[in-house]
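Coordinate analysis (summary)
Residues per chain are reported as follows:
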Amino acid sequence: IVLTTGASWGGWILWQIGVAGKFTGVSVQAINAHGQAQIYGWMGLFIMGFGYHVLPRFWRGVLVAPRLAPVVLVLVSAGIFVRTAGMATLGIWSLAVPAAMAGCVLEVAAIVIFATQMVLTCRGGKTPLRPESGFLLAAMVWFVLMSLLDLVHTYTTMTAATHDELLWYIATYQAPLRDLQIHGLALFMILGISSRMIPAFYGRPLASARRGWWAFGLLTGAVLGEVSLFLTYRWTGLH
């Protein structure tokens, strides 16, 4: 995916923008389709593959319902393909919106299954709950929330009746969606894994649990704050 809808399509999009001489040289749906393929395909599938293989060992447990892993792979892959086709053909294909929504639903279903498996696997593991696990479990929550917001955001932008309405939806929800995806899912996964594995790589003790929980609390508040305050600003118009 990173070589097809990622680097290749991303390069083509940049080429079109450059030739047109303006950022609106391609549709916002093409740009968002490219972005969602990277979030769910490149980053999402990497997290899922790593999670299925490593996190049960991380928690000294047994993966719950391992036979669901291939199902999740199929759901995400099909969701990315169908959703990308729908978003990229808006205004050309009469079934563009239903296709995009079907793809979104497949992605959400896969993420809910995966997140549930990870939470139950952690619960059944023998490793005491430390900040590292807190970051990883919170990442599962952000994963589900961002997929739900993404579904709604995709529908509203694809069905906006006017250009001004489209711009309002983008200006209101695009930034909070990226916050959940990058500062929520990606950052919390990276910190959860690295705070456990990097000390082991260098033969150093883990950071204190107290310090880790402080970091967890501060970052959780940061993500919730940047999303909720930005949405409140957009809804009220009060800077």
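Anything mentioned here points back to the structure above.
What comes next concerns the included structure. (Residues numbered from 1 in each chain as written. Predicted model: local features only at pLDDT ≥ 70, side-chain atom pairs only at ≥ 80, totals over all residues. Heavy atoms only, no water.)

**Some thoughts on the environment of Ala-37**
In this structure, Ala-37 sits in helix H2 (residues 28-58). In the structure, Ala-37 is positioned 44 residues away from Phe-81 in sequence and 8.3 Å away in space, judged by C-alpha atoms. (Helix = DSSP H or I, 4+ residues; strand = E, 2+ residues; numbered from the N terminus.)

**Points about the packing of H2 against helix H4 (residues 96-124)**
Two numbers describe how H2 lies on H4: the axes approach to 11 Å, and their chain directions differ by 25 degrees. On the basis of the axis angle, H2 is roughly parallel to H4. Helix-helix and strand crossings are classified by hand; for H2 and H4 the assignment is left-handed. For the pair formed by H2 and H4, the contact residues are Gln-36, Tyr-40, Ile-47, Met-48, Gly-51, Tyr-52, Leu-55 and Pro-56 on the first element and Glu-107, Ala-110, Ile-111, Phe-114, Gln-117, Met-118 and Thr-121 on the second. The residue makeup of the contact of H2 with H4, split by class, is 10 nonpolar, four polar and one charged. (Axes fitted to C-alpha atoms, helices over the stretch in contact; angles between N-to-C directions. Parallel < 35°, antiparallel > 145°, perpendicular 65-115°, else oblique. Left-handed = near helix turned anticlockwise from the far one by under 90°. Contact = heavy atoms within 4.5 Å. Nonpolar A, V, L, I, M, F, W, Y, C, P; charged D, E, K, R; others polar.)

**Description of the packing of aromatic side chains**
Under the definition given, this model contains 12 aromatic pairs. With a centroid separation of 5.7 Å and 75 degrees between ring planes, the pair formed by Trp-168 and Tyr-169 is classed as edge-to-face. What makes Tyr-169 buried here is its relative accessible area of 19%. Cluster of aromatic residues (ring-pair linked, three or more members): Phe-135, Trp-142, Phe-188, Trp-213 and Phe-216. (Phe/Tyr/Trp six-rings, centres within 6.5 Å; stacked < 30°, edge-to-face > 60°. Buried < 20%, exposed > 50% of the residue type's maximum accessible area, 1.4 Å probe, protein only.)

**A short note on the nonpolar core**
Core analysis: the largest hydrophobic core is formed by 43 residues, its most contacted members being Phe-114, Met-118, Met-146, Leu-185, Phe-188 and Met-189. Elements supplying a minimum of two residues to this core: H2, helix H3 (68-88), H4, helix H5 (131-159), helix H6 (163-201) and helix H7 (209-236). In this structure Met-118 touches Gly-51, Tyr-52, Leu-55, Trp-59, Leu-63, Leu-137 and Met-140, once residues within four positions along its chain are discounted. Formed by 13 residues, the second largest nonpolar core is a distinct cluster that contains Ala-96, Val-97, Cys-104 and Met-158. (Core = buried A, V, L, I, M, F, W, Y, C linked by side-chain atoms within 4.5 Å.)

**Considerations on the side chain of Thr-84**
By secondary structure assignment, the location of Thr-84 is in helix H3. Beyond its immediate chain neighbours, meaning those up to four positions away, Thr-84 contacts Trp-9, Ala-33, Gln-36 and Ala-37.

**Details of the environment of Thr-4**
Along the chain, Thr-4 turns up in helix H1 (residues 2-20). Spatially, the C-alpha atom of Thr-4 lies 26 Å from that of Val-112, the residues being 108 residues apart in sequence.

**Brief notes about H7**
With 28 residues, H7 should reach 40 Å at 1.5 Å per residue; the first-to-last C-alpha distance of 40 Å fits that figure. Among the residues of H7, Gly-212, Phe-216, Thr-220, Val-223, Gly-225, Val-227, Leu-231 and Arg-234 are the ones counted as buried. On the buried face of H7, the contacting elements are H5 and H6. In the segment just after H7, Gly-237 is the residue with positive phi, at about 80 degrees. (Expected span 1.5 Å × (residues − 1).)

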